[in-house]
Amino acid sequence: MELLSVLLQSAGGLETMGTTIGVAIAVIGAAIGIGQIGKAAVEGIARQPEAGSDIRTTMIISAALIEGVALFAIVVCGFIL
């Protein structure tokens, strides 16, 4: 219990800790999602090399959408602070 109180005092309170955890979850979720997209794209290109440009374009658009959602989540967590 003493460790928890020390952590809360050093973090500046529950708001800061909640914001930090929210940002961390958003970043980790985006990283996992983009990793899965990259994995699927590489497997798809390996199976059908002639469709590589279409798969790559779709992968970049999907990754950009995930990045946008993650950035929005980080901004919302920043407003909580």
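Computed from a prediction, not measured in an experiment: that's the story for all the values here.

What counts and how
- Residues numbered from 1 in each chain as written.
- Predicted model: local features only at pLDDT ≥ 70, side-chain atom pairs only at ≥ 80, totals over all residues.
- Heavy atoms only, no water.
- Helix = DSSP H or I, 4+ residues; strand = E, 2+ residues; numbered from the N terminus.
- Buried < 20%, exposed > 50% of the residue type's maximum accessible area, 1.4 Å probe, protein only.
- Contact = heavy atoms within 4.5 Å.
- Areas by Shrake-Rupley, 256 points an atom, 1.4 Å probe, with all protein chains shown as cover.
- Patch = residues over 30% accessible without salt bridge, like charges linked within 9 Å, V, L, I, M, F, W, Y side chains within 5 Å.
- Salt bridge = Lys/Arg side-chain N within 4 Å of Asp/Glu carboxyl O.
- Expected span 1.5 Å × (residues − 1).
- pLDDT = per-residue confidence, 0-100.

1. Some words on the overall build of the protein
Okay, so step 1: Helix and strand content of the protein: three helices and zero strands.
Okay, so step 2: Considering the protein as a whole, with its 81 residues, one finds that 14% of them fall into the buried category.
Okay, so step 3: Within the protein, contacts between residues separated by at least 24 positions form 66% of all contacts whose residues are at least 6 apart in sequence.
Okay, so step 4: With an accessible surface of roughly 5900 Å², the protein has 73% of that area assigned to carbon and sulfur atoms.

2. A closer look at a nonpolar patch on the surface
Okay, so step 1: Residues Leu71, Val75 and Phe79 make up a contiguous nonpolar surface patch of about 350 Å² in total accessible area.
Okay, so step 2: Looking at the secondary structure, you find Leu71 in helix α3 (residues 52–80).
Okay, so step 3: Judged by relative accessible area, which is 52%, Leu71 ranks as exposed.

3. Re α3
Okay, so step 1: Between its terminal C-alpha atoms α3 stretches 42 Å, which fits the 42 Å expected from 29 residues at 1.5 Å a residue.
Okay, so step 2: Turning to α3, its buried residues number three or more, namely Gly52, Ala63, Ala70 and Cys77.

4. Thoughts on the confidence of the model for the protein
Okay, so step 1: Looking at the protein, the pLDDT average stands at 87 and 81% of residues meet or exceed 70.
Okay, so step 2: The least confident element of the protein, judged by mean pLDDT, is helix α1 (residues 2–11) at 64; the most confident is α3 at 93.

5. Regarding the environment of Gly52
Okay, so step 1: In this structure, Gly52 sits in helix α3.
Okay, so step 2: Once the C-alpha coordinates of Gly52 and Val42 are considered, the two residues, 10 residues apart in sequence, prove to be 8.9 Å apart.

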